[in-house]
Amino acid sequence: MRQFDLSPLYRSTIGFDRLFNMIDQAAGPETMPSYPPYNIERTGENAYRISVAVAGFGPTDLSIETKENTLTIRGSREREGESEKAKQEVLYQGIAARSFERRFQLADHVHVTIASLENGLLHIDLTREVPEAQKPRRIPIGTEGAKPTIATPRAA
């Protein structure tokens, strides 16, 4: 893989440190585990869905946390109450039930709206909500002799 030297950009930009760190991480070697498998879908213009395959995990075995633009999903099987199951001899275990932690970097203004567990899939719906002050606004152009009026942002 190619190495990118971002040092010239560090010298001429301010406040883009997080973006450059994300580029460095993406260009680095793939160290993320492949378990559990997941999909990322775009469900609307500003809506996304992450679906994680969590067969064998219940709602009490999973935790979802967001902190500083990072979404963290953890899964850990409860070992209490498995005394009866432990007595059973497993001849073949093809369904993985190991603990996991999966992290996703979220863009600015992306928030988790709802999470649901259905048919062995954990669905996490996200939306991007750009503040009104950061939405584009139209600036009118005045003509000679007429004073332009400042347009207010439109309500979406």
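Residues numbered from 1 in each chain as written. Predicted model: local features only at pLDDT ≥ 70, side-chain atom pairs only at ≥ 80, totals over all residues. Heavy atoms only, no water.

Caption draft 1: Quick look at the pairing of strand β4 (residues 70-75). For β4, the buried fraction is high: five of the six residues fall into the buried class. Between strand β3 (residues 62-67) and the antiparallel strand that follows it, β4, lie two residues; Glu68 among them carries a positive phi value of about 50°. Direction of pairing for β4 relative to strand β5 (residues 100-105): antiparallel, over a ladder of six bridges. In the strand pairing of β5, Leu71 is matched with Phe104. (Buried < 20%, exposed > 50% of the residue type's maximum accessible area, 1.4 Å probe, protein only. Helix = DSSP H or I, 4+ residues; strand = E, 2+ residues; numbered from the N terminus. Pairing = 2+ DSSP bridges.)

Caption draft 2: Representation of the sheet that holds strand β7 (residues 121-128) in the model. Read across the sheet, four strands follow the order β1-β2-β7-β6 without closing on themselves; strand pairing throughout is antiparallel. Pairing within the sheet leaves two strands with one partner each, and these edge strands are β1 (38-44) and β6 (110-118). Taken pair by pair, the neighbouring strands of this sheet meet at an average axis angle of 20°, ignoring direction. Two elements, β1 and strand β2 (residues 47-53), share six bridges in a ladder whose sense is antiparallel. Note that in β2 the partner of Gly44 across the bridge is Ala47. (Axes fitted to C-alpha atoms, helices over the stretch in contact; angles between N-to-C directions.)

Caption draft 3: Fine view of unusual backbone geometry. One non-glycine residue with positive phi stands out, namely Asn69, at about 60°. Even without a glycine there, the phi angle at Asn119 is positive, about 55°. Its location among the elements puts Asn119 in the loop between β6 and β7. Taking the relative accessible area as the measure of exposure, Asn119 reaches 77% and is therefore exposed.

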